[in-house]
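Summary of the model geometry
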Amino acid sequence: MYLVFLGAPGAGKGTQATRVCEKYNIPHVSTGDILRANIKAGTALGREAKGYIDKGLLVPDEVVIGLVEDRLAQSDCQKGFLLDGFPRTIEQAKALGKFAKISCAINIAVDESLVVERIAGRRMCKCGESYHVSWYDKDTCAKCGEKLYQRDDDREETVKSRLEVYESQTAPLIEYYKELGVLKDVDGSQDMNKVFDDIVRILDDNH
Ligand code: ADP
Ligand code: ADP
Ligand code: ZN
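Below, the structure is looked at part by part.

About the thresholds
Residues numbered from 1 in each chain as written. Chains lettered and ligands numbered in written order. Predicted model: local features only at pLDDT ≥ 70, side-chain atom pairs only at ≥ 80, totals over all residues. Heavy atoms only, no water. Near = heavy atom within 4 Å. Polar contact = N/O pair within 3.5 Å; in protein donor to acceptor, adjacent residues only side chain to side chain. Areas by Shrake-Rupley, 256 points an atom, 1.4 Å probe, with all protein chains shown as cover. Helix = DSSP H or I, 4+ residues; strand = E, 2+ residues; numbered from the N terminus. Nonpolar A, V, L, I, M, F, W, Y, C, P; charged D, E, K, R; others polar. Pairing = 2+ DSSP bridges. Axes fitted to C-alpha atoms, helices over the stretch in contact; angles between N-to-C directions. Contact = heavy atoms within 4.5 Å. Salt bridge = Lys/Arg side-chain N within 4 Å of Asp/Glu carboxyl O. Buried < 20%, exposed > 50% of the residue type's maximum accessible area, 1.4 Å probe, protein only. Parallel < 35°, antiparallel > 145°, perpendicular 65-115°, else oblique. Left-handed = near helix turned anticlockwise from the far one by under 90°. Donors = N, O, S within 2.8 Å, 3.2 Å for Na, K, Ca; no water. Tetrahedral: all angles 85-135°; square planar, octahedral: opposite > 155°, others 65-115°. Phe/Tyr/Trp six-rings, centres within 6.5 Å; stacked < 30°, edge-to-face > 60°. Lys NZ or Arg CZ within 6 Å of the ring centre and 35° of its normal.

Quick notes on the site of ligand 1
Taken together, 20 residues form the shell around ligand 1, and within it Thr31, Arg36, Leu57, Arg88 and Arg162 come nearest. A distance of 2.6 Å separates an oxygen atom of ligand 1 from a polar backbone atom of Leu57. Interatomic distance of 2.9 Å between a side-chain N/O atom of Gln92 and a nitrogen atom of ligand 1. Contact with the protein chains removes 96% of the 560 Å² of surface that ligand 1 exposes when unbound. It is helix H2 (residues 31-41) that contributes the most residues to the shell around ligand 1, four residues altogether. The residue makeup of the shell around ligand 1, split by class, is eight nonpolar, five polar and seven charged.

Given below as structure tokens:
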């Protein structure tokens, strides 16, 4: 399984990716998680990325492409992987096509009004798990016990720019993967378990 998850910020990519990777035992490669870990660790990559992330802009293609190429070359990715948050531009998708053959691109489709609500109430753990204030009222992670936090870029001002960037730069990937014959749409506005069932059905049919 060489999978890509597409979808607007807040569509539910991370939530579903965690569960799919557990079920199929493949690594979850989230460029957002990798970049945030670098920011936390204070690396040069983190310092460069932070300026873009805080403004709701994309980190330059050459930076994230190099990062993903290195990650996918590691041994645990040889039998499969799930890319969450990459590619985000046509340039990234073309580069990815040179070092991996994507077997399925799942587009988690959600209306803009709903993603705004999901982002506003999102609470994150540094282990990658995300929660929503509407159904989780504790301030520590149910998986690892760490304290939850709100992402800086989940503030309202930044969200607007992220959604614009999504529409102009990332949404065209839907057509790109459709032309490659590997696109599958999932209705992301449904209950989490229902979204998961739909994804599992698609993956079981295709692999
Ligand atoms: P979300 O899941 O809400 O869409 P991510 O965690 O995937 O957010 O990404 C957070 C931020 O990290 C993005 O707004 C962007 O600045 C940066 N980023 C993540 N992945 C990429 C990528 N593939 N290309 C460029 N920037 C990226
Ligand atoms: P993404 O990785 O696409 O940015 P997340 O998986 O982090 O999105 O989900 C964004 C927010 O919406 C989180 O607070 C998450 O708990 C919540 N969420 C995800 N999927 C659903 C769903 N199907 N129904 C309701 N809330 C959801
Ligand atoms: Zn955690």
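Some words on the sheet that holds strand E3 (residues 81-84)
Read from one edge of the open sheet, five strands run E2-E3-E1-E4-E7, paired in parallel fashion. On the outer flanks of this sheet lie strand E2 (28-30) and strand E7 (183-187), each paired with one strand and no other. When the angles between neighbouring strand axes are averaged without regard to direction, this sheet yields 20°. Strands in contact with H2 are E2 and E3; relative to E2, the strand with the most contacts, it is inclined by about 65°.

A word on the pattern of salt bridges
Two side chains bearing opposite charge may form a pair once their charged atoms approach each other closely. This model, assessed by the stated rule, comprises 17 salt bridges. A salt bridge links Asp54 to Lys50; its shortest N-O distance comes to 2.5 Å. Taken together, the residues span about one helical turn, with Asp54 and Lys50 both in helix H3 (residues 44-55) at a distance of four residues. Its relative accessible area of 32% is what places Lys50 among the partly exposed residues. In this structure, the salt-bridge partner of Asp76 is Arg71, at a minimum N-O distance of 2.7 Å. Three or more residues joined by partner-sharing salt bridges are found here, namely Arg122, Arg151, Asp153, Asp154 and Arg162.

Observations concerning the packing of helix H4 (residues 61-72) against helix H5 (residues 90-99)
Look at H4 against H5: their axes get within 10 Å of each other, and the N-to-C directions meet at 25°. Comparing their axes, H5 and H4 come out roughly parallel. Handedness of the H4/H5 crossing: right-handed. Counted together, Asp61, Val64, Ile65, Val68, Glu69 and Leu72 of H4 and Glu91, Gln92, Ala95, Leu96 and Phe99 of H5 form the full contact between these two elements. Class assignment of the residues belonging to the contact of H4 with H5 gives a composition of seven nonpolar, one polar and three charged.

Thoughts on the coordination of the zinc ion (ligand 3)
Coordination of the zinc ion (ligand 3) by the protein is provided by Cys125 (SG), Cys127 (SG), Cys141 (SG) and Cys144 (SG), with metal-donor distances spanning 2.2 to 2.4 Å. One way to put it: the four donor atoms around the zinc ion (ligand 3) meet at angles of 96 to 117°, and that makes the site tetrahedral. Residue classification places Cys127 among the partly exposed positions, given a relative accessible area of 42%.

Section: the site of ligand 2
Neighbouring ligand 2 are 17 residues; Gly10, Lys13, Thr15, Arg122 and Tyr131 lie closest to it. A total of 560 Å² of accessible area belongs to ligand 2 in isolation, and the protein chains cover 89% of it. Those elements that place two or more of their residues in the shell around ligand 2 are helix H1 (13-24) and strand E6 (130-132). Partitioned by chemical class, the residues of the shell around ligand 2 number six nonpolar, seven polar and four charged.

Topic: the packing of aromatic side chains
On inspection of all chains with the given rule, the structure shows five aromatic pairs. Centroid distance Tyr2 to Phe81: 5.3 Å. Interplanar angle 65°. Geometry classified as edge-to-face. Within this pair, whereas Tyr2 is found in strand E1 (residues 2-6), its partner Phe81 is found in strand E3, the two being separated by 79 residues in sequence. Ring centres 6.3 Å apart and planes at 70° place the aromatic pair Trp135 and Tyr136 in the edge-to-face group. Under the relative-accessibility criterion, Trp135 is labelled partly exposed at 45%. An aromatic cluster is present here, built from Tyr131, Trp135 and Tyr136 joined pairwise through their rings. Seen from the ring of Tyr24, Lys23 lies directly overhead, with NZ or CZ sitting 5.5 Å from the centre.

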